[in-house]
Amino acid sequence: MAAEDLPSEFDVVILGTGLTESVVAAACSRVGQKVLHLDRRSYYAANWASFTFNALLTWIQEQQEGPQPEQVPDWSSLLEEGEELIHLSNPDLDSITNIQVFSYASEEEEEVPDTTKEEASAEGPLEAESADSREEESAEAEEESAEAEEGSAEAEEESAEAEEGSAEAEEGSAEAQEGSAEGQEKEQAINLKGEEPEEDQSHPVSTSGQSELTRKKISYAQLVKEGRRFNIDLVSKLLFSRGSLVDLLIRSNVSRYTEFKNVTRILTYRHGNLQQVPCSRADVFASRQLSVVEKRKLMRFLTSCVEETETDQAYSNHPYLKFLQDQQLGDNLQHFLLHSIAMVTEDTPTEAGLAATRHFLRSLGRYGNSPFLFPVYGLGEIPQCFCRMSAVFGGIYCLRHSVSCLILDKDANRCKAVIDSRGQRISCSHFVVEDGYLGSKRTVTTPTRLLSRAVLITDSSVLSSDSEQQVSMVTIPPGEACQSAVKMVELCSSTMTCMPGTYLVHLTCQSVSSAFHDLSGLVTRMFHTPESQEPGGRPAVLWSLYFNMVDGSVPRVEGQGLPSNVHVCSGPEGSLDHEHNIKQVRF
């Protein structure tokens, strides 16, 4: 919508299109309020955004150049008696820092096998068109591939069902039956694109394209040429199947706008090696890493910790590690439970550790054998989906358009109106804003916490398997290769986040120094780079990006000095899920 056409009065004006702001916009529009949603950037989702490879290169260049100085106009002529101005800041001044880029792929374009036919069938969904067209094209591709491999898929499905039935029979738990029934009942509520790797193999476009391309070295020119096949997130998170965001997507029916992939395996990095973490009952019984005694102990513990007991309360003032040790669990089981299931530190209180373990277990089995989902086309799709719902119910959207200042009623201490970047005065009852815009109002004395992020494009998976279409969650405990605990998510081409023949790897940890200093040592140990001392046997890094991002878990602005109807939203924080931001929406 053109800025000249904007109405002069709204119920809610929202500045910033991050996840929290977008959910608020959808909720307000849904109940009939007039919503104006603005963002000074040229793209949706702010620090939650996803970029194609070429768009990411442009974003990097803009970040390194820094924002151009802006002359603040004098809007005092728009004020009435008893009003004053509160000027807003540029949110991009310090939210992303210490950007470093490394390209290890050869610069020259090399000959690759002819995959024109495969690209033609795969290109449709990559256009990032409407959700409906994506679903139609995806359904056609799945139908064609299913006809070609129907016999094989049925055999694999029967085998998987037999193994799952055997595992459930050994356990005989009524809770497992209840969870399975509930999962089948609610599975229709969310668009799941392939629950298991076996289903992914029924897509010959991605699989065959990847196997052919890996025979040739991928060049930087090819990454640029196929750049629109990438959807690279600025923030790395997953969705718990029974998390608050999934529940919100289902209740609001926003889930119809996107598709999801099940995370197929959870890995942990221990003593320099990757091990698969047994999560479901079938995984436990099939695991070769655990002895029969360890399997029984693990199953007994997981069954007992689902409900709170008096024994748990006795450890309320003790670390979770102490609780696990007193349960007579060996080092292997303690490592799996602490770092890969609860995903907490050794000094985390027992109450918090058990709550995290229960949350993990309750999410198992709803949509697959792991508790996590990942949105196809990247996390940047989720804020856009809520923006789409807001627009459907009358919300007005303007990118490259901002609010220059707020007009404060000094007597009532309320935001009476805003002045946009074009000088138009717009009245509003409530103003919702991303915290970065209020830099001039910061009163928090706590130092800003940062996250260290790394994004890698690699030529193979960190742990090879029968399927090339694995979506992996990897936990690296503190002290293994860096000071902080690292969460790593490896995405394959079937998530529509990278081109066939490559994997997209996200690493995140709490910052100690710059992102490169915090994470480059781990990258060198787990992947092959020119700095690697041990040759061969590991995925080669083709391209990498390191940067620091402000941790949204620490408020950058306190509400006491702001008008009563100004609501501040924080950006992404370091946890794997979205609980912090969804709680913020509710308050």
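Residues numbered from 1 in each chain as written. Predicted model: local features only at pLDDT ≥ 70, side-chain atom pairs only at ≥ 80, totals over all residues. Heavy atoms only, no water.

1. Some points on the confidence of the model for the protein chain
Right, on to step 1. Per-residue confidence for the protein chain averages 82 on the pLDDT scale, and 78% of its residues sit at or above 70.
Right, on to step 2. A low-confidence stretch, residues 112-188 stays under pLDDT 50, and its non-local contacts, those more than four residues away or across chains, total 68 contacts. (pLDDT = per-residue confidence, 0-100. Contact = heavy atoms within 4.5 Å.)

2. Quick word on the side chain of asparagine 47
Right, on to step 1. Inspection of the secondary structure assignment puts asparagine 47 in the loop between strand S2 (35-39) and strand S3 (50-51).
Right, on to step 2. Residue classification places asparagine 47 among the buried positions, given a relative accessible area of 10%.
Right, on to step 3. Contacts of asparagine 47, omitting those with residues within four sequence positions, involve Ser95, Ile96, Leu234, Val235, Met549 and Pro572. (Helix = DSSP H or I, 4+ residues; strand = E, 2+ residues; numbered from the N terminus. Buried < 20%, exposed > 50% of the residue type's maximum accessible area, 1.4 Å probe, protein only.)

3. Description of the packing of aromatic side chains
Right, on to step 1. As enumerated under the stated definition, the model contains 16 aromatic pairs in all.
Right, on to step 2. Centre to centre, the rings of tyrosine 44 and tyrosine 397 are 6.1 Å apart; their planes meet at 55°, and the pair counts as tilted. With tyrosine 44 in the loop between S2 and S3 and tyrosine 397 in strand S12 (residues 396-399), this residue pair connects regions lying 353 residues apart in the sequence.
Right, on to step 3. Using a relative accessible area of 14% as the deciding quantity, one classes tyrosine 397 as buried.
Right, on to step 4. Here the aromatic rings of phenylalanine 53 and tryptophan 543 are separated by 5.1 Å at their centres, their planes lie at 80°, and the arrangement is edge-to-face. Highlighted residues: phenylalanine 53 in helix H2 (residues 53-65) and tryptophan 543 in strand S20 (residues 541-550), separated in sequence by 490 residues. Each member of the pair phenylalanine 53 and tryptophan 543 is classed as buried.
Right, on to step 5. Chaining the aromatic ring pairs together yields one cluster made of Tyr43, Phe51, Trp59 and Phe547. (Phe/Tyr/Trp six-rings, centres within 6.5 Å; stacked < 30°, edge-to-face > 60°.)

4. Some thoughts on the nonpolar core
Where a protein is soluble and globular, its nonpolar side chains tend to be buried together.
Right, on to step 1. Grouped together as the largest cluster of nonpolar side chains are 90 residues, with contacts concentrated most on Phe360, Phe372 and Phe386.
Right, on to step 2. A domain-level breakdown of this core finds at least three residues from each of domain 1 (9-92 + 377-445 + 556-586) and domain 2 (280-363).
Right, on to step 3. Not counting chain neighbours up to four residues away, the residues in contact with phenylalanine 372 comprise Leu238, Leu239, Phe240, Ser241, Lys261, Asn262, Val263, Ile266, Met343, Phe360, Met473 and Leu576.
Right, on to step 4. Membership of the second largest hydrophobic core comes to 23 residues, among which are Leu88, Leu406, Leu408 and Phe431. (Core = buried A, V, L, I, M, F, W, Y, C linked by side-chain atoms within 4.5 Å. Domains from an automatic or database assignment.)

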